[in-house]
Amino acid sequence: MRVLLIHSDYLKYEVKKETPVAEEIEEAKKNGAFDEALVVFTSIEKEDEKNPKAVVRNLVKEIKKVNEQVNAENIVIYPYAHLSSSLGGPKLAVGILKDIEETLKADEYNVFRVPFGWYKGFEISCKGHPLSELSRTITAEEEEEEVKEEKKPSKWLIFDDGELVETDKYSYESSDLEKLVAYELGVGASDEGEPPHVKIMREKELCDYEIASDIGNLKWYPKGRLVRDLLSDYVYNFVVDLGAMPIETPIFYDLANDSIREHAAKFGERQYKTATKKDLMLRFACCFGAFRVLGDSFLTWKNLPAKVYELSTYSFRFEKRGEVVGLKRLRAFTMPDMHSFCADMPQALEEFDAQVDMCVQTGVDLDVNYEAIFRATQDFFDEHKDWMYATAKRIGKPLLLEILPERKHYWSCKIDFAAIDYLGRPIENPTVQIDVESGSRFNIEYIDENEDPQNPIVLHCSPTGSVERVICSLLEKTAATDGNSPMLPTWLSPTQVRLLPIKEDHLAYANELADKLAANNIRVDVDNSNDRVGKKIRNASKEWIPYILVIGDNELESNSFSVTVRETGEKVDMTAEELIAEVTAKNAGKPFRKLPLPRNVADRINFK
């Protein structure tokens, strides 16, 4: 089979006259117009009769590969006999073209097939970038071998206290680990159905879909923005303490740059393109910027490991429309991204362990249960087996091990941590990866002890995963029926203390108390509405406020308060000083930002 792939601004066609081998078509298919299309001009050859299924499979594979790079909105299959002088029979040709169309549709691509056997007029506008015109010869023999290689399965095992156990023979004590294993092996919960956090993020006025933007781009309200900012501050403090240097780099990158185009293709994520003359892509992480900063820097072995950190607001991935949901899968998201440049593999492994410890600690600090997947190629596992055993043990719980038959990505080993959502599906959170390609690809060099240039090994680390997925994990946890009242950690709660004056006479005292609490870095507000106390209490409870104080005549006289503590469900008598001490203890070691809303509840906008 001969094919010509054109990445086009548009394609228009109109049938003119049928030939003796023309397929029957509906009136609507006699013309068509497609914007932002990858047009696949196709000639079916006699050789394709030997194994048409393999030809279909291999062309589909090539189309997907090219479309990952150009990120076209539509794929158009266009029969074009002029690419070959050895054409196959028309019945075979139509069958292959239909199979190509149906296979791509099954994978949720927007696919259109132009009628076979008709003389057609067409107009096409080629985008003109380096990947916009590609010719390919598809042969069953070559591609069959590639497919066979691709089907080499990974080995899946459980790491438990220095022992390896087959997944189907392991006695699972953690239901979350069992759900993670089932999902990874393709027998767990499906990705269908809306997770509970979507309803919660709206109810709590954190964020919502923005229908005037592209799908997967959210709008954030003051409370949600505060939570995002606090999480960002938390990661910033963590990585800076670890020695990382904060940087900021562009969000657009030119795919005409060989190293960027190659890394983008290796990453395998969908590219989010911009409508400009240049073939620009919105970054999917901070890799490009970090690599170019270090590639332009003078490094010696004494500088390593060198760590740079960037909070990407935003990173972009062109996720399929049916995959985008709530905070779990977005097209625009906030990614804390640290890159560590190491002199050699021993240094990389030592740094890897330190970053694994950091990732584990974020789960503790956020009170989210992470299950882990350790992934490595067979070669890496064989060479570093003792280190992998030791690293698995330091995590302190059983984890899933995937051994890949060979390296397909830029990494040779990585560890992924995931929370499990209410429906039993993983939420990808922290990760650490050993990148053995990018140092060379991006021409990053350091001078070793012998004054020779060397390429470093690069670690990719996101200590929490995307900030949106952290919030997703926290909200999904609240949906569990464990008997406790749902709430965010106190340090992340938009309002930490709410004061409820019974009458207007008590309002001045409530504000004096609020001033005192705010002076001690506590987010406090006052419900100055005309609602009865019972309704004020219900409203505060619906907002998951950790501490609620009713202020009346007794409180004015005694300076002691009956405090409703959400975490325990108890009412506890406290003085102002005792309340300050307790909230301060909950906030200890965590970042603080001021209340992002008017203190008086009655003065606020209802964003819902």
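One can find the structure itself at the top, above this paragraph.
My aim in this report is to walk through the structure given alongside it, one point at a time. Remember, it's a predicted structure, so these values are computed and weren't measured experimentally.

## Things to note about the sheet that holds strand 27 (residues 560-565)
(1) Moving on: Spatially, the 5 strands line up as an open sheet ordered 25-24-26-27-28, and their pairing is mixed. In the strand order of this sheet, the two ends are held by strand 25 (524-526) and strand 28 (570-575), each with one partner. Averaged over all adjacent pairs, the angle separating strand axes in this sheet is 30°, with direction ignored.
(2) Moving on: In this sheet, strand 26 (residues 547-551) lies alongside strand 24 (residues 497-501) in parallel orientation, the contact comprising 5 bridges. By the bridge assignment, Pro501 is partnered in strand 26 with Ile551.

## Structural notes on the packing of aromatic side chains
(1) Moving on: A complete count under the given rule lists 27 aromatic pairs for this structure.
(2) Moving on: Ring geometry for Phe41 versus Tyr80: centroids 5.1 Å apart, planes at 65°, classification edge-to-face. Here Phe41, found in strand 2 (residues 31-43), pairs with Tyr80, found in the loop between strand 3 (74-79) and helix 2 (90-106); they are 39 residues apart in sequence, far enough to count as distant.
(3) Moving on: Overall, the relative accessible area of 4% leaves Phe41 in the buried class.
(4) Moving on: Judged by relative accessible area, Tyr80 falls into the partly exposed class, the value being 24%.
(5) Moving on: An angle of 80° between the planes, with centres 6.1 Å apart, marks the rings of Phe380 and Trp387 as edge-to-face.
(6) Moving on: Grouped by ring-pair contacts, the aromatic residues Phe159, Phe352, Phe374, Phe380, Trp387 and Tyr389 constitute a single cluster.

## Digging into the state of the cysteines
(1) Moving on: Under the definition given, this model contains 0 disulfides.
(2) Moving on: This cysteine, Cys472, is not joined by any disulfide, and Cys207 carries the nearest cysteine sulfur, 10 Å off.
(3) Moving on: The class for Cys472 is buried, based on a relative accessible area of 1%.

How each quantity is defined
Residues numbered from 1 in each chain as written. Predicted model: local features only at pLDDT ≥ 70, side-chain atom pairs only at ≥ 80, totals over all residues. Heavy atoms only, no water. Pairing = 2+ DSSP bridges. Helix = DSSP H or I, 4+ residues; strand = E, 2+ residues; numbered from the N terminus. Axes fitted to C-alpha atoms, helices over the stretch in contact; angles between N-to-C directions. Phe/Tyr/Trp six-rings, centres within 6.5 Å; stacked < 30°, edge-to-face > 60°. Buried < 20%, exposed > 50% of the residue type's maximum accessible area, 1.4 Å probe, protein only. Disulfide = S-S within 2.5 Å.

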